[in-house]
Amino acid sequence: MDNEAEIKDSLRKKAKALVERDKDKILQFYAEDAKVVTNEGTYEGRKEIGKYWQFILGQFSEIQLEESEPLVQGNKAAHEYTVKGETVNGRRVEFPLIVAYEFTKDKIQKAHIYYDRLTLAKQAAEGWLGKRIVNSVVKRMEEGLERKS
């Protein structure tokens, strides 16, 4: 895929398939031997990538995306989103997500998905113990960032 406009259009269509929670449509955008790198691990080939998307889609009863304009240079692209949704347990979540892509012809060859798992965990944590554990980690991180005068 050489045309930047075509890449942007492809990324928007993939985002739409994600909002529709349509795993098969999502997978159509990936090359057969594509590679996806996420916080959870590395997935190679459509079959493994399909398992990843099945898991992700299974965590949410609703997904909405606010997208920025994709940045495209040659066969590489970056796309920033704000993900808003509801987990299958009824928790409302909102978190930033950035994906760096590399295309071969008209398909995604590589995708690196970056998001803040701690922000997501803080919103999705359930029960007093789960919330206490996540909040303890958040507090420790925030204390480390405080400036001493």
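Cut-offs and rules
- Residues numbered from 1 in each chain as written.
- Predicted model: local features only at pLDDT ≥ 70, side-chain atom pairs only at ≥ 80, totals over all residues.
- Heavy atoms only, no water.
- Phe/Tyr/Trp six-rings, centres within 6.5 Å; stacked < 30°, edge-to-face > 60°.
- Buried < 20%, exposed > 50% of the residue type's maximum accessible area, 1.4 Å probe, protein only.
- Core = buried A, V, L, I, M, F, W, Y, C linked by side-chain atoms within 4.5 Å.
- Helix = DSSP H or I, 4+ residues; strand = E, 2+ residues; numbered from the N terminus.
- Contact = heavy atoms within 4.5 Å.
- Pairing = 2+ DSSP bridges.
- UniProt positions renumbered as here; feature names shortened; annotations may be inferred.
- 1 Å grid on protein atoms, 1.4 Å probe; cavity = no way out; pocket = protein on both sides within 12 Å on 5 of 7 lines; lining within 4 Å.
- Points joined across faces, edges and corners; volume = space filled by probe spheres on them.
- Nonpolar A, V, L, I, M, F, W, Y, C, P; charged D, E, K, R; others polar.
- Domains from an automatic or database assignment.
- Expected span 1.5 Å × (residues − 1).
- Arc of directions from axis to C-beta.
- Polar contact = N/O pair within 3.5 Å; in protein donor to acceptor, adjacent residues only side chain to side chain.

*Asks:* What's the story with the packing of aromatic side chains in this structure? I'm lost.
*Replies:* Aromatic rings in a pair are described by how distant their centres are and how their planes are angled relative to each other. Evaluation of the coordinates by the stated rule reveals four aromatic pairs. Geometrically, the ring pair formed by Tyr43 and Tyr52 is tilted, given 5.1 Å between the ring centres and 35° between the ring planes. Assigned by exposure class, Tyr43 and Tyr52 land together as buried. Ring geometry for Tyr52 versus Trp53: centroids 5.2 Å apart, planes at 70°, classification edge-to-face. With respect to class, Tyr52 is no different from Trp53; both count as buried. Connected via pairs of aromatic rings, a cluster forms that spans Tyr43, Tyr52 and Trp53.

*Asks:* Got a minute to help me understand the nonpolar core in this structure?
*Replies:* Soluble globular proteins tend to pack their nonpolar side chains together in the buried interior. With 36 residues, the main nonpolar core has Tyr30, Ile49, Trp53, Tyr101 and Ile113 as its most contacted residues. Elements represented by at least two residues in this core include exactly helix H1 (4-19), helix H2 (23-27), strand S1 (30-38), helix H3 (45-59), strand S3 (60-67), strand S5 (76-87), strand S6 (92-104) and strand S7 (107-115). Sorting elements by how many residues they give to this core places S6 first, with six residues. Not counting residues within four places of it along the chain, the set of residues in contact with Trp53 comprises Lys14, Leu18, Lys23, Ile26, Leu27, Tyr30 and Ile113.

*Asks:* Sorry, what's going on with the pairing of S1 here?
*Replies:* Every regular strand shows the same layout, with side chains that alternate between the two sheet faces. Note that S1 and S7 share four bridges and pair parallel. In the strand pairing of S7, Lys35 is matched with Lys110. Judged from the four bridges that link them, S1 and strand S2 (residues 41-44) form a sheet pairing that is antiparallel. The partner of Lys35 across the bridge, within S2, is Glu44. In this antiparallel pair of consecutive strands, S1 and S2, the connection spans two residues.

*Asks:* Can you help me understand the UniProt feature "domain: SnoaL-like" (unreviewed entry) in the protein in this one?
*Replies:* UniProt's entry tags residues 16-109 with the feature "domain: SnoaL-like" (unreviewed entry), counted in the numbering of this structure. Taken end to end, residues 16-109 has its terminal C-alpha atoms 19 Å apart, with 26% of it in helix and 55% in strand.

*Asks:* How do you make sense of the layout of surface pockets when you look at a structure like this?
*Replies:* Where empty space is left becomes clear once a probe the size of a water molecule has been rolled over the atoms. Each pocket or cavity is described by its volume, and for the largest pocket that value is around 550 Å³. Lining the largest pocket are 30 residues, and of these Ile56, Gln59, Phe60, Phe95 and Leu120 lie nearest its centre. Listing elements by their share of the lining of the largest pocket, those giving two or more residues are H1, H3, S3, S5, S6, S7 and helix H4 (117-124). In the lining of the largest pocket, the residues fall into 23 nonpolar, three polar and four charged. The residues that make up the lining of the largest pocket include at least three from each of domain 1 (1-115) and domain 2 (117-148).

*Asks:* Explain H3 here, please?
*Replies:* Since the α-helix packs 3.6 residues into each turn, any two residues three or four apart lie on the same face. Taking 1.5 Å as the rise per residue, H3 with 15 residues should run 21 Å; its terminal C-alpha atoms sit 22 Å apart, in good agreement. Within H3, burial applies to Gly45, Ile49, Gly50, Tyr52, Trp53, Ile56 and Leu57. Each buried residue of H3 sits inside an arc of 165° when the element is viewed along its axis, so together they form one side. Facing away from the buried side of H3 by more than 90 degrees, the exposed set consists of Lys47 and Lys51. On its buried side, H3 packs onto H1, H2, S1, S2, S3 and S7.

*Asks:* Hey, could you run me through the environment of Asp33 in this one?
*Replies:* Its place among the elements puts Asp33 in strand S1. The class for Asp33 is exposed, based on a relative accessible area of 56%. For the pair Asp33 and Gly45, spaced twelve residues apart in sequence, the C-alpha separation works out to 4.4 Å. With near-sequence residues (within four places) excluded, Asp33 lies in contact with Gly45 and Gln109. A polar contact of 3.1 Å, which involves the side chain of Asp33, links it to the side chain of Gln109.

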